[in-house]
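Chain by chain, the residues run as shown.
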Amino acid sequence: MSAKQTSDIEEFDAWMDEVASALAWHGGDAEATIRTLLADCKHLREQLALAQIAMGLGFTRGWSPCPERQDEVTA
């Protein structure tokens, strides 16, 4: 097994642990888990928008936060 395959397996295992933890937090209720995660995303996007408005370009040397993930795959 190559190092990349091992890394991919470890990453998948870590992701599954996060999923299991989120589901356990809501007593196994998948709908409640999804609702909470969507509410968290909405809150963080609002916070990011406020931060983007409040900070100047000189503060970040031209960098600006992006509300969309860069690794997002479009279907």
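Reference entry: report on the structure contained in this document. (Residues numbered from 1 in each chain as written. Predicted model: local features only at pLDDT ≥ 70, side-chain atom pairs only at ≥ 80, totals over all residues. Heavy atoms only, no water.)

Attention now goes to the side chain of T33. Take T33: it is sitting in helix 2 (residues 30-54). Judged by relative accessible area, T33 falls into the buried class, the value being 6%. One polar contact links the side chain of T33 to the main-chain carbonyl oxygen of D29, over a distance of 2.9 Å. (Helix = DSSP H or I, 4+ residues; strand = E, 2+ residues; numbered from the N terminus. Buried < 20%, exposed > 50% of the residue type's maximum accessible area, 1.4 Å probe, protein only. Polar contact = N/O pair within 3.5 Å; in protein donor to acceptor, adjacent residues only side chain to side chain.)

A separate point is helix 2. Its 25 residues place the ends of helix 2 36 Å apart at the C-alpha level, agreeing with the 36 Å of an ideal helix rising 1.5 Å per residue. Between a side-chain oxygen at the N-terminus of helix 2 and the backbone nitrogen of E31 the separation is 3.1 Å; the capping residue is D29. (Expected span 1.5 Å × (residues − 1).)

This is a description of form; function is not addressed.
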